[in-house]
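# Residue-level structural notes
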Amino acid sequence: MGNSCGSLTTRSTGELHQLMRAAGFTGLEDTEALAEGWQVTGFAEAGQRSLADLVQRTGTPAVMVSFLDSDVGFVEAVTPDGSSWEGLLNREMAKSYEIPLEHFPVEPAVAGALAWSAAAGLTPDEKAIRQTLTGSALFAEQLSSALLVALGLPGAT
């Protein structure tokens, strides 16, 4: 299928790279500070439970997007109470990879994103979340950035 990598967004008062490594993330890139303690860090790989482990360590919600060749983004988000949701970015491109879209229904993802944002103390934009989860772009990273804005992350662009 090609190259994969990802992006993790969370709020952390600790040293995020150290926490991410302890949770099983590898190939960490520089961290970009957003606002109000939110940070975005790129990574090469994550283990199956890395996101949940990181949320337990930080005690704050986190959202992770794993990219497939910059064409498709697989979204996972978790809150400290264990609530989670999944979504898919760039559905049209995902079809060309024969990714089963029925495994990523839009309405539960929108509902999960709204609940995640509320748990994070953010003000989401439901219409923008839906557009991001159903839209298309040349690069899935563009949709990932739009999703962060739609979720209400302060300082996201």
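That block above? That's the structure.
Residues numbered from 1 in each chain as written. Predicted model: local features only at pLDDT ≥ 70, side-chain atom pairs only at ≥ 80, totals over all residues. Heavy atoms only, no water.

## Observations regarding the overall build of the protein
The secondary structure content of the protein amounts to 6 helices and 6 strands. What you see for the protein is a C-alpha radius of gyration of 14 Å, in line with the 15 Å of a compact globule of 157 residues. For the C-alpha atoms alone, the extent of the protein along its principal axes is close to 40 × 35 × 25 Å. In the protein, which comprises 157 residues, the share counted as buried stands at 46%. Within the protein, counting contacts between residues at least 6 apart in sequence, those at least 24 apart form 55% of the total. Summed over all atoms, the accessible surface of the protein reaches about 7600 Å², with 49% contributed by carbon and sulfur. Distance between charge centres in the protein, computed from 8 positive and 19 negative side chains, equals 5 Å. (Helix = DSSP H or I, 4+ residues; strand = E, 2+ residues; numbered from the N terminus. Rg over C-alpha atoms; globule rule 2.2 N^0.38 Å. Buried < 20%, exposed > 50% of the residue type's maximum accessible area, 1.4 Å probe, protein only. Contact = heavy atoms within 4.5 Å. Areas by Shrake-Rupley, 256 points an atom, 1.4 Å probe, with all protein chains shown as cover. Lys, Arg positive; Asp, Glu negative; His and termini not counted. Charge placed at Lys NZ, Arg CZ, Asp CG, Glu CD.)

## Focus on helix H5 (residues 126-134)
Those residues of H5 lying buried are Ala128, Ile129, Thr132 and Leu133. For H5, the angular spread of buried residues about the axis comes to 130°, placing them on one side. Elements that come into contact with the buried residues of H5 comprise strand S6 (84-89), helix H3 (91-96), helix H4 (106-119) and helix H6 (140-151). (Arc of directions from axis to C-beta.)

## Considering the nonpolar core
Membership of the largest hydrophobic core comes to 28 residues, with the highest contact counts inside it found for Trp38, Val75, Trp85, Trp116, Ile129, Leu151 and Leu153. Listing elements by their share of this core, those giving two or more residues are strand S3 (38-43), strand S4 (62-68), strand S5 (72-78), S6, H4, H5 and H6. The residues contacting Trp38, other than those within four sequence positions of it, are Thr9, Thr10, Arg11, Glu32, Ala33, Pro61, Trp116, Ala120, Leu122, Leu153 and Pro154. Formed by 12 residues, the second largest nonpolar core is a distinct cluster that contains Ala23, Phe25, Met64 and Val78. (Core = buried A, V, L, I, M, F, W, Y, C linked by side-chain atoms within 4.5 Å.)

## Points about the side chain of Asp71
As for its placement among the helices and strands, Asp71 is situated in the loop between S4 and S5. For the buried Asp71, which has no salt bridge, the nearest side chain bearing the opposite charge is Lys95, at an N-O separation of 16 Å. Not counting chain neighbours up to four residues away, the residues in contact with Asp71 comprise Leu89, Asn90, Met93, Tyr97 and Ala140. (Salt bridge = Lys/Arg side-chain N within 4 Å of Asp/Glu carboxyl O.)

## Topic: H4
Its 14 residues give H4 an end-to-end C-alpha distance of 20 Å, which sits within 8% of 20 Å, the value for a rise of 1.5 Å per residue. Looking one or two residues beyond H4, the residue adopting positive phi is Gly121, at roughly 75°. (Expected span 1.5 Å × (residues − 1).)

## What to know about unusual backbone geometry
For Glu36, which is not glycine, the phi dihedral falls at a positive 55°. Its place among the elements puts Glu36 in the loop between strand S2 (31-33) and S3. For Glu36, a relative accessible area of 59% corresponds to the exposed category. With phi around 55°, Asp69 is a residue other than glycine that occupies positive phi space.

## Looking at the environment of Phe67
As for its placement among the helices and strands, Phe67 is situated in strand S4. In this structure Phe67 comes out as buried when scored by relative accessible area, which is 6%. Between the alpha carbons of Phe67 and Ala44 there is a distance of 9.8 Å; along the sequence they are 23 residues apart.

## Quick notes on the environment of Phe104
Tracing the sequence through the fold places Phe104 in the loop between H3 and H4. Remark: the alpha-carbon pair of Phe104 and Phe74, spanning 30 residues in sequence, is separated by 9.2 Å.

## Digging into the pattern of salt bridges
For the coordinates displayed, the defined rule picks out 4 salt bridges. A salt bridge links Asp53 to Arg49; the shortest N-O distance between them is 3.6 Å. Residue class for Arg49 comes out partly exposed when judged on its relative accessible area of 49%. Between Glu107 and Arg130 there is a salt bridge whose closest N-O contact spans 3.0 Å. One end of the pair, Glu107, is in helix H4; the other, Arg130, is in helix H5, with 23 residues separating them in the sequence. A cluster of three or more residues bridged by salt bridges with shared partners is formed by Glu107, Glu126 and Arg130.

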